[in-house]
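Close look at the chain arrangement
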6 protein chains.
Amino acid sequence: MSREPLLPLHPLQYDALLRRALEEDLGLAGDLTTNAVVPAIEELTGRIVARREGCIAGLEVAARVFALLDSNVRFNARAADGDVVAAGTTLADVAGPARAILTGERVALTLLGHLSGVATVTRGIVDAIAGTRARVVCTRKTTPGLRALEKYAVRAGGGSNHRFGLDDAVLIKDNHLAIAGSVEEAVRRARAAAGHLVKIEVEVDDLAQLERALACPIDAVLLDNMAPPVLRQAVELVAGRVITEASGGITPETARAIAETGVDLLSVGWITHSAPALDVALDV
Amino acid sequence: MSREPLLPLHPLQYDALLRRALEEDLGLAGDLTTNAVVPAIEELTGRIVARREGCIAGLEVAARVFALLDSNVRFNARAADGDVVAAGTTLADVAGPARAILTGERVALTLLGHLSGVATVTRGIVDAIAGTRARVVCTRKTTPGLRALEKYAVRAGGGSNHRFGLDDAVLIKDNHLAIAGSVEEAVRRARAAAGHLVKIEVEVDDLAQLERALACPIDAVLLDNMAPPVLRQAVELVAGRVITEASGGITPETARAIAETGVDLLSVGWITHSAPALDVALDV
Amino acid sequence: MSREPLLPLHPLQYDALLRRALEEDLGLAGDLTTNAVVPAIEELTGRIVARREGCIAGLEVAARVFALLDSNVRFNARAADGDVVAAGTTLADVAGPARAILTGERVALTLLGHLSGVATVTRGIVDAIAGTRARVVCTRKTTPGLRALEKYAVRAGGGSNHRFGLDDAVLIKDNHLAIAGSVEEAVRRARAAAGHLVKIEVEVDDLAQLERALACPIDAVLLDNMAPPVLRQAVELVAGRVITEASGGITPETARAIAETGVDLLSVGWITHSAPALDVALDV
Amino acid sequence: MSREPLLPLHPLQYDALLRRALEEDLGLAGDLTTNAVVPAIEELTGRIVARREGCIAGLEVAARVFALLDSNVRFNARAADGDVVAAGTTLADVAGPARAILTGERVALTLLGHLSGVATVTRGIVDAIAGTRARVVCTRKTTPGLRALEKYAVRAGGGSNHRFGLDDAVLIKDNHLAIAGSVEEAVRRARAAAGHLVKIEVEVDDLAQLERALACPIDAVLLDNMAPPVLRQAVELVAGRVITEASGGITPETARAIAETGVDLLSVGWITHSAPALDVALDV
Amino acid sequence: MSREPLLPLHPLQYDALLRRALEEDLGLAGDLTTNAVVPAIEELTGRIVARREGCIAGLEVAARVFALLDSNVRFNARAADGDVVAAGTTLADVAGPARAILTGERVALTLLGHLSGVATVTRGIVDAIAGTRARVVCTRKTTPGLRALEKYAVRAGGGSNHRFGLDDAVLIKDNHLAIAGSVEEAVRRARAAAGHLVKIEVEVDDLAQLERALACPIDAVLLDNMAPPVLRQAVELVAGRVITEASGGITPETARAIAETGVDLLSVGWITHSAPALDVALDV
Amino acid sequence: MSREPLLPLHPLQYDALLRRALEEDLGLAGDLTTNAVVPAIEELTGRIVARREGCIAGLEVAARVFALLDSNVRFNARAADGDVVAAGTTLADVAGPARAILTGERVALTLLGHLSGVATVTRGIVDAIAGTRARVVCTRKTTPGLRALEKYAVRAGGGSNHRFGLDDAVLIKDNHLAIAGSVEEAVRRARAAAGHLVKIEVEVDDLAQLERALACPIDAVLLDNMAPPVLRQAVELVAGRVITEASGGITPETARAIAETGVDLLSVGWITHSAPALDVALDV
């Protein structure tokens, strides 16, 4: 199966994070063990291996960790971000100065494991809804400082990205509605203030709210915590006029039933904030 | 039961992270929805609530997020970090300028949920081994940029902290041993180079390795992936001469059997890198 | 006439810039003149005055400059961002420690003058097209480091904001088309890679290109450097199916004829990169 | 005509600015269009062209933008900073990875256009006073964060640099005089506090003030807003004892008459804060 | 004796340094001792005392350290920067939250001790040459990151500041001369490139070089490593035409003889790079 | 004599400091002298020479300064950090672009001189106690921002490192004792709060305090300001149960008598905060 090309990140988007991670780990005294035990001239050859089956994300990030420590480290990827690999698969060969490899190992593996964890759980839901028209999207519930990377990992897992920040689009939630007094007034204010290239989405909890929202000039509705039968009614009510997004309680088990209601998007917060890391290791 | 006092963090240790998190979320255009829909003079009162039972960590961090946005936000904690609370418990009252509260909500809740997630899984293992002499410790497998916070969350969950970085102590692993040629030589190099206030720990995989390690001037052994019966033999072999640390495959289910072997420390990587977030929300 | 509410900025979005500006001006030796000539206890009262008619933007930014130097400076705005004021209008009263006011004067006035300059030229075009359905939008041609502020100034001048960055939307230009080989292929690639919440705009130079673009699933067209008669034909061709944006050679003199062709947007680069500063001064 | 060598900048003086500019433009999602439409292996060859006649500044800065994105971009300058070029002149050839070139194009051109704009208006005044003994100098009215670059652009345009910051020299203005009570007292305080390597300049509005200032131990006078006949009297009064600097209302049209009064310096604020950008483009 | 007012620093000029210093000391785990032993509500009152006689500099900097940790710390200075105090003198009372005071103590005292050390050795030379017309100036040999503070400490000690950086003035040294070929050519190049507000100083080793330098349009000469009799001849040769600066081997013992030769400036590198810290302590 | 390998620093641990140092020195105008007098194509060959006998530290740091300015500078060290060299020894050859070498000279030499100064005074005490079992350790009294480098210089001088920060270990001082009420209570609190991998040290002033401290579960005692006879009694009292550290009044003259009392550690604050720089120079 040919995959869609994956929108990449540029190192300028994560280099500062990697430097901070390495500084955090090196502290003021540096890698005591490696510096004491491993001579500076020692070379080393190893393989980064996935210990469990999973969907990979972060290989270039891992390579960059080593490059920041020593430009002589050679990192040859043998898999690509987005690949689903079996347990035991070699993801990359790493060779070069032993000190740089051993010092950078933890930061490189932690990021690769974390991002692959995000990609893997994303992939699980994407696969569960294969054949439906729905797409899996992540939310703003990302780890502080890692948003660009985690959004990328979601893409690697076959998902799409929802808002990258509060500045991306208007999303009117219950608290906003309460203050505005009505959905009409909230949408009116949003339309007046925001450029008309900005999309407006409204969160609704039931079909009555949905009807009121649909009477306003909006672009999308967030159907929050609705059971599949209600979702199906909602989709019918919308009738293709706006984008429909379901959220709440979406897991690999529940996803298919939700997707089959005909919604456009399944938005899932936990794929970024609660994905367990994929177990990856460096075998020398 | 009175708890040990919890070693706190100073805001200087996380303010830069919070600023980056807010900048990441605000982008160049800011919170479009709130700024468009909510007038600047609007005030708001809400409660931060735990939706699930869990162990809390990060209340001061959450308070600080709002303070960075607007010093007029009042945040009154009704629980303390380290508390185990039931689902539905109010953790804090938040009141003040509506814009600051709505704009900061996501960053504050994401951090509170993440840190409480770490504390909760830590607590689970700590409770599982109650009554034994062992302590639960975390590793260096922390999220880049969040190490100080995640280590703090482990303490809030009743755990202890192992190394904070590569600079904390010497930990000689298999790769180091391979390069040094022998455990004796590796320890000799470490002893010679490091100050004698620095502790040296050696990773061993079996009892034969353990015996050789114990013949060296070391302070601790990392007993990696040993089954409880072997661990028990290892503890007997050590006979209190050095600190014993078990690692590998430790879960709430397996922890007690491991702790009952008499080891001093159970080190668990997944409590920082794979803890699911605790579900916390802002109810207005 | 009641104005639309103006989407504000939060100080977190420009404080780092202001600090850099002050550090740039203070250098290592600080404000030699003020520190030498003005005693620390001296107080001062002054007014910030517009020397020319213009549209104001940046009053909170100017206030913040003084606040960063000394929290005892009182800054009372007597106009609001977005106001069009006559020459000689007092914009704000400033009172407090003389040193902070004199030291911060240049940075505060430079920013206020620059942002008001952007707002003023924006306002000029907005006024020129009053009564048409078109809106004035700015581009990514902003001063490095000042994008959030300049986009804000455009809003203060009655304009709207186009893309905030390369990450906002897809804008397929001639160079992209050349590489993709055809507009169909370029749009296909964009559609496949980007989430379906991302809008796609295509730049076209003539009506033939426009027809081909309209056959693709796009959201907007950038009609580049077309004379009003051609623009009018383009708008008819589009027939409301996508957003139409005219660009190239738009000045207060030419704007009305272009707006009257029926296009949705007039995008103007020079309002951010070539606006002369509004002359503002501090009178003591 | 051989030109004076131009004092260059070192990349350390602007790299942080360039990184911020690129991060501002890339956002969290990166260059959606280029990444979606242009394959990673695609190469591209283009020329940076001046669309209008002007004086060039910033070629090394533009080259550096591409280098920060990808060290494989080749940038061959075909003009030099300080050159006055005709419309249509090729300033540089750019070749290499298409993604880096298209992603960096906007930041590179914006800076090159802005700095060349500053150089061009500077050059206009410098040319207008050719043959007189006066020099054109810029002020501290520079864009926050770009002072080093804009001061450089002034030099490229044939101008000189006045104070780089508040720490450069003492410049006693009317507000300082008002607080000190008299020019004598103000100069006395400045002389006492500042090292005697620091130059002291006093702003005067009329000849009476000038006479009082000249009785003090000062190095320069700022003759503010004086008409040429008064300036001429001022220059005669000074009789070479101190440096004379004219400011206020200096344009290419008025400059010659002012310069011919015999003043040493024409200081012009608008060449840095209100210069329109020179139109430069990348032709592929 | 009334002192010249001391040019102060603004906290914006050193806050980043103080934050880095505190972060360096807190690490990821924070102040283990204080946090474990001292309850959060504990208050404390102490005095900062000079254990040795010396000239004080850095009291506001020390106060700022505590303020950054806790705005509730009260710091009442009982001496002023520039004061020469006897051993045992109380410099400031410090009262407030015990944790902040104990955690900040080391950073505050280290800076106060270091800056007072610089002020004290400066004072020693300034006193040694009292009554002569010479001034003591420091050089660019300052601790990386502390230049603004150390230059300030020199002023507190009664000295003056020479160049703050490579950008302050032209100082042509032997290496520059060697490349230029002759002093005439070096000065010509400097004059041509630099604005005529920039002063030019030339380093000379003997009277022959001095004569050649004096034939060029320069502002100052650096008389390097000349014995007092030669210096006296040099001063006579200069005859007031340019500023004379003696450097090399200047100590409290040798300073007077050098100053009595009539030179304007004694420049001393070691007062910033080799001054022993003044012993200051916090007594509770 | 073969030396222990020296634990190195990674450039990531000091690059930010070097950049700040260079930016501090370059200012906004850059190296006026070099840029004006030295053509860009000029090459230069020089030697870094120690003008006095001393122990060297910082050669890689100095090399890095030049590399940050221009990657074409070749730096060949002819000594190694930790070497004790005679006056006149060439430490390194430097060759390459003249501008980079002359511009970087001051920052490179200042750091090399400072760190070698620290190493030299450390070496002096280490040599004075040769043959005893004691080691020389430095304290937290380091220059803000330079702790990692100064701790490294102490190692180069043959010393060891004590705490790197407040987070390294518990050190209970008199102020902590006063608040806790007793040493027993202070140690109890520390033991309860800190992980049991954290060492606890208590400062004592006399033998009575020492006896009380030894009754607590501690790892080390700081014997503050005790005369050698008392120290000897203290060592006997301790009888090897905990690490003994002497502090106060330790100089090359007094060190041997103190070391011969049998203490494990001599901790000396002044070797980092009051070491005079070693005189190093660049000869072209």
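Only a predicted model underlies this, so the values are computations on that prediction, with no experimental measurement involved.

Next up on the list: the sheet that holds strand β10 (residues 220-224) of chain A. Residues and elements named next belong to chain A. Taking strand neighbours across the sheet as the criterion, the seven strands line up as β7-β6-β12-β11-β10-β9-β8 in an open arrangement whose pairing is parallel. Whereas interior strands pair on both sides, the edge strands pair on one side only; in this sheet they are β7 (160-161) and β8 (170-172). The pairing of strand β9 (residues 200-204) with β10 spans four bridges and is parallel. Counted as the bridge partner of Val202 is Val221 from β10. Helix α8 (residues 207-214) contacts β9 and β10 of the sheet and is inclined by roughly 160 degrees relative to β9.

With that settled, the discussion passes to the relation of the copies chain F and chain A. If you rotate chain F by 120 degrees and push it 0.0 Å along the axis, it lands on chain A with an RMSD of 0.0 Å. Both chain copies can therefore be described as sitting about a three-fold axis. Taking the C-alpha atom as reference, chain F places Ala16(F) closest to the rotation axis, 6.9 Å from it.

Our focus in this paragraph is the interface of chain D and chain C. Taken together, the contact between chain D and chain C spans 61 residues of the former and 61 residues of the latter. Taken together, the two surfaces of chain D and chain C that pack against each other cover about 4700 Å², and 62% of this comes from carbon and sulfur. Notably, a salt bridge pairs Asp25(C) with Arg140(D), separated by 2.6 Å at the nearest N-O pair. At the junction of chain D with chain C, the criterion picks out 22 residue pairs in polar contact (both at pLDDT 80 or more). Element by element, the count of residues in the side of chain D that touches chain C is highest for helix α4 (residues 98-128) of chain D, at seven residues. In terms of residue class, the side of chain D that touches chain C is made up of 33 nonpolar, 14 polar and 14 charged.

So, about the sheet that holds strand β3 (residues 74-77) of chain A. Whether parallel or antiparallel, the strands of a sheet pair through hydrogen bonds between backbone atoms. All names here are of chain A. If you walk across this open sheet you meet the four strands as β3-β5-β1-β13, and the pairing is antiparallel. Looking at strand neighbours, the two that pair on one side only are β3 and β13 (280-283), the edges of this open sheet. Pairs of neighbouring strands in the sheet enclose a mean axial angle of 20 degrees, with direction left out of account. Relative to the sheet, helix α3 (residues 59-69) contacts β1 (43-50), β3 and β5 (90-97), its axis offset from that of β3 by approximately 170 degrees. The sheet contacts of helix α4 (residues 98-128) involve β1, β5 and β13, and relative to β5 the element is tilted by about 155 degrees.

To continue, consider empty space enclosed by the protein. Counting across every chain of the model gives 12 cavities of 30 Å³ or more. What the largest cavity holds in volume is close to 170 Å³. Along its surface, the largest cavity is lined by 19 residues, and His114(E), Thr143(E), His273(E), His114(F) and Thr143(F) are the ones closest to its centre. Elements that contribute at least two residues to the lining of the largest cavity include exactly α4 (98-128) and α11 (270-273) of chain E together with α4 (98-128) and α11 (270-273) of chain F. Residues belonging to the lining of the largest cavity are distributed by class as follows: five nonpolar, 14 polar and no charged. Looking at the second largest cavity, the residues that line it are His114(A), Thr143(A), Thr272(A), His273(A), Ser274(A), Ala275(A), His114(B), Thr143(B), Thr272(B), His273(B), Ser274(B) and Ala275(B). Taken together, the elements giving at least two residues each to the lining of the second largest cavity come down to α11 (270-273) of chain A together with α11 (270-273) of chain B. Considered class by class, the residues forming the lining of the second largest cavity number two nonpolar, 10 polar and no charged.

Reading guide: rules and limits
- Residues numbered from 1 in each chain as written.
- Chains lettered and ligands numbered in written order.
- Predicted model: local features only at pLDDT ≥ 70, side-chain atom pairs only at ≥ 80, totals over all residues.
- Heavy atoms only, no water.
- Pairing = 2+ DSSP bridges.
- Helix = DSSP H or I, 4+ residues; strand = E, 2+ residues; numbered from the N terminus.
- Contact = heavy atoms within 4.5 Å.
- Axes fitted to C-alpha atoms, helices over the stretch in contact; angles between N-to-C directions.
- Least-squares fit on C-alpha atoms with pLDDT ≥ 70 in both.
- Buried area = accessible area lost by both parts, 1.4 Å probe.
- Salt bridge = Lys/Arg side-chain N within 4 Å of Asp/Glu carboxyl O.
- Polar contact = N/O pair within 3.5 Å; in protein donor to acceptor, adjacent residues only side chain to side chain.
- Nonpolar A, V, L, I, M, F, W, Y, C, P; charged D, E, K, R; others polar.
- 1 Å grid on protein atoms, 1.4 Å probe; cavity = no way out; pocket = protein on both sides within 12 Å on 5 of 7 lines; lining within 4 Å.
- Points joined across faces, edges and corners; volume = space filled by probe spheres on them.

Interpretation in functional terms is not warranted from these geometric data alone.
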